[in-house]
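# Structural description and commentary
One-letter residues, chain by chain:
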Amino acid sequence: MIVAEGKPIAEVAKLIEDANKVLVVGCGGCVTVCLAGGEKEVGILASALRMLRKKEDKPLETVEITISRQCDPEYMEQLEKYITDDIDAVVSMACGVGVQFVAERFNKWVVPALDTKFAGGALEHGVWGERCGLCGECILYKTGGICPIIRCSKSILNGPCGGSQDGKCEIDTEVDCAWQLIYDRMKTLGKLDKLLEIEPIKDWSKSRDGGPRKVVKEDVMIK
Amino acid sequence: MSDFQPKIVAFCCYYCAYSAADLAGSMRLQYPPNIRMVELPCSGKTDIRVVLEAFENGADGVYVAGCLEGDCHFLKGNIMAKRRIKQAKKLLDEIGIGGDRLEMFNLSGSMGPRFAEVAEEMTEQIRKLGPSPLNPAYKEKKETASKEEAQ
C-alpha cells in the first residue's frame, strides 16, 4: 500500500486560511489502512481545523466525506454533489495520487493534508516499513524476495558494499543491510549459487527515466 | 477568575472509575459539581475524535479515568487509552487549546475517595488554566485583562 502521514494541523490550516467552507475528503484505500486519511482521521482533522479557526475568531465550516478510493474516477463521481459553489477549498486526505485526481476533476482549490511517504506494509500495529521502490521491473526472484533497490541504501545489485557491518548498514545501525538479508535468505533456501551470477546494469528506462509512466490493459478497456 | 466554573468531561471506565464514582456517592463524599461523567465500557474505548468533540462543544477540560495499569478488564485497554491521550494532547497543543487540559488517571473500583480527589485535582488544574480558548468566557477574560492593563 501507499503509506502516508498527516501534515501538522497548523500547516494544513495555513493552506486554507482564506477559505470559509472546506470539504475534507478522506480515502478508503491505503491511507485508511495506514491510519492517515480514513474516515476517522477526516473527523479528527476537520474538528481540529474548526477549533483552530474558532479560536482565531474566523469560524470555518467543514463538510466531511470519505469515498472508497480517490484514485478512481468511478468513486470520484460520489464527490460531485459535495462540491458545491460555496466550497472554497477541498482538503484531500489521500496520497498524492488522490489529491491530483480530485484537482483534475474539479475546478476547486485542492490542498493535500498528508505527506505521501512510500510503498510499504505494516511491520506491526502503528509501524510501517518501505518495501517497494516502484522501479518498473521486479527482480525479487533473484534476491530471495528482498528488494535491493529500496532496502539497500545504495540500491546496488551486486552487494553487499564495504559499508555492511555486522548485518547492518553504514547509514544507521538500526537499518539492516539488505544484501546481508539476501545472502542469509539465499543460504537458507540453498540457492547461494544464484548470487554468483553477475547482475548486469539495470534497465532504468522502465523506472522514472521516461517521464510519467502509464499501464494500458486493452482487454479491460471499455472505450 | 475565582468564580470561573469549568466544564469538565470525565470519560470513566465502567469497571473502575464509574464504580469508584458510585462508591464515592455511597460514601457521601463531596466533589466539585463541574464534572460531567460519560461511561465507557473500557478506557480503551477512548477515541481522539470524541475527546476533540468534547472540547469543540465547550468543555474546558477532559479526563479519562481507567483501571490501574495491569488491571484492565480487557488486558490492555488502559495502555491504549494512555497512548491515545498522549497523541490527543499533542493535537490540542497544535490547535492551541493546550494539552494540559486533557489528562488520564488510573484508579480501581474500590477507590471512591481517590475518585473524589481526582475530580478535585482536575477542577483545580482547569481553574488555574482558565476557560478554554473556545469558551466565550475566555474572550471576556482577555478583554478585561487588556482593559485593566490600559488603565
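What you see is a predicted model; the values in this text were computed from it and never measured.

## Here we look at the packing of aromatic side chains
For any pair of aromatic rings, geometry is given as the distance between the ring centres together with the angle between the planes. The full count for this structure, using the stated rule, is 4 aromatic pairs over all chains. Between tyrosine 14 of chain B and tyrosine 15 of chain B the ring centres are 5.0 Å apart and the planes differ by 85°, which places this aromatic pair in the edge-to-face class. Owing to a relative accessible area of 42%, tyrosine 14 of chain B belongs among the partly exposed residues under this scheme. With centroids separated by 5.7 Å and ring planes inclined at 80°, the aromatic side chains of tyrosine 15 of chain B and phenylalanine 74 of chain B adopt a geometry described as edge-to-face. Taken together, the residues span a long stretch of sequence, with tyrosine 15 of chain B in the loop between β1 (8-13) and α1 (17-26) and phenylalanine 74 of chain B in the loop between β3 (61-66) and α3 (77-95) at a distance of 59 residues. The class for tyrosine 15 of chain B is partly exposed, based on a relative accessible area of 33%. For phenylalanine 74 of chain B, a relative accessible area of 46% translates into the label partly exposed. Taken together, the ring pairs in this structure connect Tyr14, Tyr15 and Phe74 of chain B into an aromatic cluster. Its guanidinium or amino end placed over the ring of tryptophan 204 of chain A, lysine 202 of chain A lies 5.5 Å from that ring's centre, counting from NZ or CZ.

## Describing the environment of tryptophan 204 of chain A
Residues and elements named next belong to chain A. Residue placement: tryptophan 204 occurs in the segment after α7 (178-189). The exposure class assigned to tryptophan 204 is partly exposed, which follows from its relative accessible area of 39%. As a C-alpha pair, tryptophan 204 and glycine 136 span 68 residues in sequence and 8.1 Å in three-dimensional space. With near-sequence residues (within four places) excluded, tryptophan 204 lies in contact with Cys135, Ile149 and Asp209.

How each quantity is defined
Residues numbered from 1 in each chain as written. Chains lettered and ligands numbered in written order. Predicted model: local features only at pLDDT ≥ 70, side-chain atom pairs only at ≥ 80, totals over all residues. Heavy atoms only, no water. Phe/Tyr/Trp six-rings, centres within 6.5 Å; stacked < 30°, edge-to-face > 60°. Buried < 20%, exposed > 50% of the residue type's maximum accessible area, 1.4 Å probe, protein only. Helix = DSSP H or I, 4+ residues; strand = E, 2+ residues; numbered from the N terminus. Lys NZ or Arg CZ within 6 Å of the ring centre and 35° of its normal. Contact = heavy atoms within 4.5 Å.

By themselves, these observations are geometric and do not establish any function.
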